[in-house]
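Spelled out from the first residue to the last, the chains are:
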Amino acid sequence: NLLVEPDAGNGIPADAPEIDWDVVAQGAIAAFERLHSTQRLTLSTTSQTQPAPSQKLKLAYISPLPPEKSGIADYSAELLPELARYYDIDVIVAQETIADDWINVNCPVRQVDWFKAHAHRYDRVLYHFGNSPYHQHMFSLLAQIPGILVLHDFYLGHIVAGMDLKGLNPQGWTRELHHAHGYAAVHERFHTQNIGDIAFKYPCNLSVLQQAIGVIAHSNYARHLAEQWYGKSWPQNWGILPMLRVPAVSNNKIAARQALGLSDETFIICSFGMLGAIKQNHRLLDAWLASTLTQDQHCLLLFVGEDIKDSYSSQVVETIDGSSSSAQIRITGWTDPATFRHYLAAADVAVQLRSSSRGETSAAALDCMNYGLPTIVNACGSMAELPLDAVWMLPEEFADAELTQAIEVLWKNPEKRQALGKQAQQLIHTKHAPRDCADPYATFIETCYQTAKTSSYGLTQRIATLENAPKDNASWLSVAGSIAQSLPPQQATRQLLIDVSAICRTDLKTGIQRVVRSLLLELLHHPPEGYRIEPVYFTQESGRWQCRYARQYMLKLLDCPEQLLSDEVIESHTGDVFFGADLSGAYVVEAEKAGLFACLRNSGVEIYFAVYDLLPILQPHVFPPAANQNHLAWLHTISRVANGSVCISRAVANELATWLNINRADCPRPFKIGWFHLGADIESSAPTNGLPNDAELILSTLSRQPSFLMVGTIEPRKGHSQTLSAFEQLWAQETNVNLVIVGKQGWMVDTLIEQLSHHPELGKQLIWLEGISDEYLDKVYAACTCLILASEGEGFGLPLIEAAQRNLPIIARDIAVFREVAAEHAFYFKGLESEQLAIAIQRWLTLYENEAHPLADAMPWQTWKQSAEKLLVTILQDEWLHIIEPAESLHL
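What you are looking at is a predicted structure, and each value in this text was computed from that prediction instead of being measured. (Residues numbered from 1 in each chain as written. Predicted model: local features only at pLDDT ≥ 70, side-chain atom pairs only at ≥ 80, totals over all residues. Heavy atoms only, no water.)

Draft legend 1. Region of the structure containing the pairing of strand E20 (residues 671–675). Judged by how many residues are buried, E20 sits mostly within the fold: five of five residues are covered. Burial along E20 is two-sided: Phe671, Ile673 and Trp675 and Lys672 and Gly674, pointing in opposite directions, are all buried. Bridging between E20 and strand E27 (residues 882–884) involves three bridges; their strand directions are antiparallel. Residue pairing in the sheet places lysine 672 in a bridge with isoleucine 883 of E27. (Buried < 20%, exposed > 50% of the residue type's maximum accessible area, 1.4 Å probe, protein only. Helix = DSSP H or I, 4+ residues; strand = E, 2+ residues; numbered from the N terminus. Pairing = 2+ DSSP bridges.)

Next comes the structure, spelled out in structure tokens:
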């Protein structure tokens, strides 16, 4: 199924040039057979795949290098000599000079543009990624030239955001927020007061993880973060390797102190690294000030790191200056590597704290241990993985008193300091020794590249070398589409594809559009675990039907700039779910004819539709002539293509089950039917705002005498004609009541509209409000006395809930769905004659005057959050009311 025919719902243009696909496929299969044979032989002969020193492969090493002020640069300078035992290494840099003698002598230095032009010369590529500007050039490189990724920082939000905001990758942050974290993250990015919070909150690393052939991390905590953000199955091509540390060459404390101008008698506690809230420098300062060390002038607290002079560091400095022991506390500022090592050698105790972890391994903590320093840490992130006998481990959420106790104990107990420091140094000299780290590096690199030979990476490399490969772009595009379906990239989550084919073109702001909007917004902000929400729509372009992501519509709905994301053709995979939320009848029918639903099903997608009602079929006389046939065509289509449907009430679910039991010939598989109730918190449905100039006058008119409200599109089944006639009788009897109609003109009501438009009571006791905002409707509800729901058929009856929310009593026609929704909380009437309704209204007025009418305020109703949860439970947890078996299975 890798290479498939054109015009089969797979993205291949119908007019693509003729390709001898059999020849192409045979070549690809032969290549795969050779690869599998090679891999089986390799795995059977050795469990550790490393290049032999005499057969060094060519490695492109991409990382910042000294003199850049980056811990990753220093790390690379230590790793390169060890990896050179296995590989012939060129370093690829975006810097002018390299201040490392070994690298300059042993590794050819190549600039980025040169590497792009000569990447084919390299057998292996290794990237070192961190969350700083030193890695900006690597994002586009990795996308073009895949390789092994060493992930020093799990969170890359700051560098991705910075590249966008500085114009280096315009809109790249928005694209990555959407790609990795969905629309809710995009919404936050444009509606937060501090975008720095968003850069800090989201990792924004999914693209680089997907593009990598393999990922090396230095802690299991980084793997945990990948599982947390992208699911437990995510870290499939990850290796957890210790962070390399070259053993400290000299630990001459006396010489180090002399170089720094520090007394031999001074007891020194150091904290290493840039000042910042995440390093909890203020906690160490508070613990120090609360300790008895402040009473000894021979005790010194040093913060060895850059002061970036922000509000946090200013507060730390203010606290130091205001303390009585300020002379015993210093902030060194940034130090060069030699001076940094002097402080490591000079210290007696190190304290390295974290308030949260970004997935990084604390190089500073390992440096302290490397120099035999007794080191106090808290169990945050990767530091929690350090052996308890090699560090003084505080709880992640520790009390200041616990830290004070730790520094006082180590101050007073030289033997404990010596034992802890010795154990720490021994750990670094064994587990983190350069050669012991480089060996698994090489093993992991080779294993990943062997595995990649049978991935999409390996396949594309092989197909490109086939003699009979396509020559034109259209054919290559089709091959790429086939590969994407057959060998998709590892996905962070499954997709819940929500059809918005109608509303994304025209939002009429009516009932069903409000439902789609409300469900969509709720799902976007609270997606089910393991899924991302992706609205989609069907479209016909150049004679071909496609399903595209509705990204520009969603940005508009979320009040974000619309042109930041493009409406690309969807990519669907096994485990995805399609839900037809919109009333997209004609689009669905045509999409099915074009084979789009067959393509979805073949990709492993489950398909469900919302069914709002069967009224065009059950009551065809109140709909335009074509409505019956269109609705039938849509129902027959979904019965063929879908796994099931979710109806908006139990009554509709029962009606659909009855219809399918009679018309089951179209069902090729068991068809599941469930139900849920709609939500009614209007503030969660992107309500419209605005009041007309005469709103105050109209609302005043409604409040002067009992006012009865009808809400909904004016169409034959809604009972407007019967209701208007009933009120004409009441007015003739001099009953002082108002009738308020809120709704636009629908179909087959020209005579009624003419009657309303020229009614003698219009503007007096008859008020007709055609297209009003949700804000105005809320005020109308509040001003009225009772809701009349005279519809002869409904799927749900949302005005029932809207009235109950406002404690507005209800008169409703006695039909099954209204009984289901309102139960005993409404006053019911029967009959289609105006006299019958007029009598019911008079009877209700009598009950109302005696305060004996049914009250709606206790009617149960759901929020859109609860409604969406019930919908998801039905679909994702298989809670179905009916399962209709195919006719063939019943016959058998």
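Draft legend 2. Region of interest: helix H36 (residues 864–876). The end-to-end C-alpha distance of H36, which contains 13 residues, comes to 18 Å, matching closely the 18 Å that a straight helix rising 1.5 Å per residue would cover. Buried residues along H36 sit in contact with strand E14 (494–499), helix H22 (511–525), strand E17 (577–580), strand E18 (606–611), strand E19 (644–647) and E20. (Expected span 1.5 Å × (residues − 1). Contact = heavy atoms within 4.5 Å.)

Draft legend 3. Geometry of unusual backbone geometry. For the bond running from proline 66 to proline 67, omega is 20°, close enough to zero to count as cis. You can see proline 67 is positioned in the loop between strand E1 (57–62) and helix H2 (71–83). Even without being a glycine, aspartate 559 presents a positive backbone phi close to 60°. Locating aspartate 559 in the fold gives a position in the loop between helix H23 (551–557) and E17. Take aspartate 559: its relative accessible area is 58%, and that puts it in the exposed class. Unusually for a residue other than glycine, alanine 823 sits at a positive phi of about 50°. Positionally, alanine 823 belongs in the loop between helix H34 (816–822) and strand E26 (827–829). The exposure class of alanine 823 is partly exposed, given its relative accessible area of 29%.

Draft legend 4. Spatial organisation of the packing of aromatic side chains. Summed over all chains, the structure comprises 22 aromatic pairs. The interplanar angle of 15° and the centroid separation of 5.5 Å between the aromatic rings of tyrosine 608 and tryptophan 880 together place this pair among those described as stacked. With a gap of 272 residues between them, tyrosine 608 in strand E18 and tryptophan 880 in the loop between H36 and E27 connect regions that are remote in the sequence. Pair check on accessibility: tyrosine 608 and tryptophan 880 agree, each one buried. Measuring from ring centre to ring centre gives 6.0 Å for phenylalanine 727 and tryptophan 731, while their planes differ by 55°; the resulting arrangement is tilted. Within this pair, phenylalanine 727 and its partner tryptophan 731 are both found in helix H30 (residues 720–732), separated by four residues, close to a single helical turn. Owing to a relative accessible area of 0%, phenylalanine 727 belongs among the buried residues under this scheme. With relative accessibility at 11%, the residue tryptophan 731 sits in the buried group. Members of the aromatic cluster, each reached through a chain of ring pairs, are Phe538, Phe578, Phe597, Phe609 and Trp634. One residue, arginine 358, lies across the ring of tyrosine 155, its end atom 3.8 Å from the ring centre. (Phe/Tyr/Trp six-rings, centres within 6.5 Å; stacked < 30°, edge-to-face > 60°. Lys NZ or Arg CZ within 6 Å of the ring centre and 35° of its normal.)

Draft legend 5. Geometry of the packing of H2 against helix H19 (residues 434–452). It is at 9 Å that the axes of H2 and H19 come closest, and there the two elements cross at 70°. When the axes of H2 and H19 are compared, the pair comes out roughly perpendicular. The residues of H19 that touch H2, namely those facing Tyr75, Leu79, Glu82 and Leu83, are Pro434, Arg435, Ala438, Tyr441 and Ala442. Here the residues of the contact of H2 with H19 are counted per class, giving seven nonpolar, no polar and two charged. (Axes fitted to C-alpha atoms, helices over the stretch in contact; angles between N-to-C directions. Parallel < 35°, antiparallel > 145°, perpendicular 65-115°, else oblique. Nonpolar A, V, L, I, M, F, W, Y, C, P; charged D, E, K, R; others polar.)

Draft legend 6. Summary view of the environment of aspartate 778. Among the secondary structure elements, aspartate 778 is positioned in helix H32 (residues 774–783). In this structure the C-alpha to C-alpha distance between aspartate 778 and threonine 451, which are 327 residues apart in sequence, comes to 61 Å.

Draft legend 7. Quick peek at the sheet that holds strand E9 (residues 299–304). The strand order across the open sheet formed by six strands is E10-E9-E8-E11-E12-E13, and the pairing between neighbours is parallel. Among the strands making up the open sheet, the edge pair consists of strand E10 (329–331) and strand E13 (392–394). For this sheet, the mean inter-axis angle between neighbouring strands, taken without regard to orientation, is 20°. Sitting on the sheet, helix H13 (residues 281–289) is in contact with strand E8 (267–272), E9, E10 and strand E11 (349–352), with an inclination near 175° to E9. Helix-sheet contacts for helix H15 (residues 337–346) involve E8 and E9, and the interaxial angle to E8 is about 135°.

Draft legend 8. Focus on the nonpolar core. The biggest cluster of nonpolar side chains holds 168 residues, and the ones touching the most others in it are Ile89, Phe115, Tyr127, Phe129, Trp238 and Val780. The element contributing the most residues to this core is H19, with nine residues. Valine 780 has contacts with Leu699, Leu702, Leu709, Val740, Val742, Leu769 and Ile772, leaving out every residue within four places of it along the chain. Residues Phe538, Leu614, Val641 and Ile884 belong to the second largest nonpolar core, which totals 37 residues. (Core = buried A, V, L, I, M, F, W, Y, C linked by side-chain atoms within 4.5 Å.)

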